[in-house]
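# Secondary and tertiary structure notes
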Amino acid sequence: MKVLLLAGGFGTRLAELTNVIPKPMAEIGGRPILWHIMKSYSFYGFNEFIILCGYKGDYIKSYFANYFLQRSDLTFDLRDNSMEIHKNRAEPWKVTLLDTGLNTMTGGRIKQAADYIGDEKFLLTYGDGVSDVNISKLMDFHNAHNGLITMTTVDVSGRYGAPYIGDNQQVESFIEKPTGEGNWINGGFFVCDPKVLEYIPEGTEGNKHMFEHMPMQNLAKDGELYAYKHQGFWQCMDTLADKNKLEGLWKRNEAAWTPEKMSARYGIEIMN
């Protein structure tokens, strides 16, 4: 199963960094937050990624183009321009990087991955948030209902898109940026049936649509959107304060999203 990562936004609320690099490349503990998210999925055995690039996507492409060499012990013989690899510590990842356009909205970015997704279910999340959500249980929840999409929800202050969740965990409506506190909000970490892509218009029209607006609202109206309530750790990186919070957790060995911490919490052996 492929994992789609939305990594093309401008990240304007983190302008201190995003004037130079795309937000998914902002580092926690010396590694891009995008890498941390991928490690979380890899912990559950998902190692095939499609990164949906846009703003400063060349930085992300360069990172992965050089990643194998950076994670290997090498000998270069300059006499014949040869290279010998002694030890490779790179993860068993297959990474596809798509240039989905500078100003394309999230719905359009996802739609452009259709040919790479095929007819199988796929995972989807944002390239700027980490969590210790149990992906295995998330998958079990998704497979137990008949809806086309499951959205992980987290209970934090209401500054993001908030679903109204019915008694059976079916999302009855979806409201962007509600007021008040204590809402279950969109935390990303979706499981999607490929038919979800039919809710996003084709071509340039689709590029204008935020996935969180019309597509998800229509999925909710059609009874196809369900919420998986995650009560553990979740943190996005919207601002410099958010980045500093995550960096502090990493330095204090309190980063709940790491494979080591999730292994201890859920009793799951580290796979990668």
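As a starting point, this report considers the structure included with it.

## A few points about the overall build of the protein chain
Secondary structure assignment for the protein chain yields ten helices and 16 strands. Residues classed as buried in the protein chain amount to 53% of the 272 residues present. Put simply, of all contacts in the protein chain between residues at least 6 apart along the chain, 74% involve residues at least 24 apart. For the protein chain, the accessible area works out to roughly 12900 Å², and carbon and sulfur atoms hold 48% of it.

## Topic: the packing of helix α2 (residues 33-43) against helix α10 (residues 259-266)
Relative to each other, α2 and α10 sit at 35°, their axes nearing to 10 Å. As α2 packs across α10, the resulting crossing turns out to be right-handed. Seen from α2, the contacting residues are K39, S40 and F43; seen from α10, they are P259, M262 and S263. Here the contact of α2 with α10 is built from residues that sort into three nonpolar, two polar and one charged.

## Quick notes on helix α3 (residues 57-70)
Helix length check: α3, at 14 residues, gives a terminal C-alpha distance of 19 Å against a target of 20 Å (1.5 Å per residue), a fit within 8%. In this fold, the buried residues of α3 make contact with β1 (2-7), β3 (31-32), α2, β4 (48-53) and β7 (94-99).

## Regarding the environment of N103
As for its position among the elements, N103 is in the loop between β7 and α4 (106-111). Classification of N103 by relative accessible area gives exposed; the value is 55%. As for N103 and N207, which are separated by 104 residues in sequence, their C-alpha atoms are 8.1 Å apart. Here N103 is in contact with F10 and N207, once residues within four sequence places are set aside.

## Some thoughts on the pattern of salt bridges
Counting across every chain of the model gives twelve salt bridges. Between R13 and D238 there is a salt bridge; the shortest N-O distance is 3.3 Å. Of this pair, R13 sits in the loop between β1 and α1 (15-18) while D238 sits in the loop between β16 (234-236) and α9 (240-251), and the two are 225 residues apart along the sequence. Classification of D238 as buried rests on a relative accessible area of 5%. Here K111 ties to E202 by a salt bridge, and the two come within 3.4 Å at their closest N and O atoms. Taken together, the residues K111 in helix α4 and E202 in the loop between β14 (190-192) and α7 (203-207) connect sequence positions 91 residues apart. Judged by its relative accessible area of 62%, E202 is exposed.

## Some points on the environment of L4
As for its position among the elements, L4 is in strand β1. Taking relative accessible area as the criterion, L4 reaches 0% and is therefore assigned buried. When the C-alpha atoms of L4 and E48 are compared, they prove to be 8.8 Å apart, with 44 residues separating the residues in sequence. Once you skip the residues sitting within four places of it in the chain, L4 turns out to touch I50, L52, I110, A113, I117, F122, L123, L124 and T125.

## Let's talk about the nonpolar core
The nonpolar side chains of a soluble globular protein tend to be buried, and buried together. Membership of the largest hydrophobic core comes to 45 residues, with the highest contact counts inside it found for L5, Y41, I51, I135 and L246. Apart from residues lying up to four places away in sequence, L5 is in contact with L34, I37, M38, Y41, F49, I50, I51, L52 and T125. Judged by nonpolar contacts, the second largest core, of 25 residues, contains L98, L148, V196 and L225.

## Notes on a nonpolar patch on the surface
A grouping of F68, L69, F76, L78, M83 and I85 is seen on the molecular surface, where their side chains present a nonpolar patch of about 600 Å² in accessible area. When residues of the nonpolar patch are traced back to their parent elements, those giving at least two are α3 and β6 (82-88). By secondary structure assignment, the location of F68 is in helix α3. Residue class for F68 comes out partly exposed when judged on its relative accessible area of 35%.

Scoring rules and cut-offs
- Residues numbered from 1 in each chain as written.
- Predicted model: local features only at pLDDT ≥ 70, side-chain atom pairs only at ≥ 80, totals over all residues.
- Heavy atoms only, no water.
- Helix = DSSP H or I, 4+ residues; strand = E, 2+ residues; numbered from the N terminus.
- Buried < 20%, exposed > 50% of the residue type's maximum accessible area, 1.4 Å probe, protein only.
- Contact = heavy atoms within 4.5 Å.
- Areas by Shrake-Rupley, 256 points an atom, 1.4 Å probe, with all protein chains shown as cover.
- Axes fitted to C-alpha atoms, helices over the stretch in contact; angles between N-to-C directions.
- Left-handed = near helix turned anticlockwise from the far one by under 90°.
- Nonpolar A, V, L, I, M, F, W, Y, C, P; charged D, E, K, R; others polar.
- Expected span 1.5 Å × (residues − 1).
- Salt bridge = Lys/Arg side-chain N within 4 Å of Asp/Glu carboxyl O.
- Core = buried A, V, L, I, M, F, W, Y, C linked by side-chain atoms within 4.5 Å.
- Patch = residues over 30% accessible without salt bridge, like charges linked within 9 Å, V, L, I, M, F, W, Y side chains within 5 Å.

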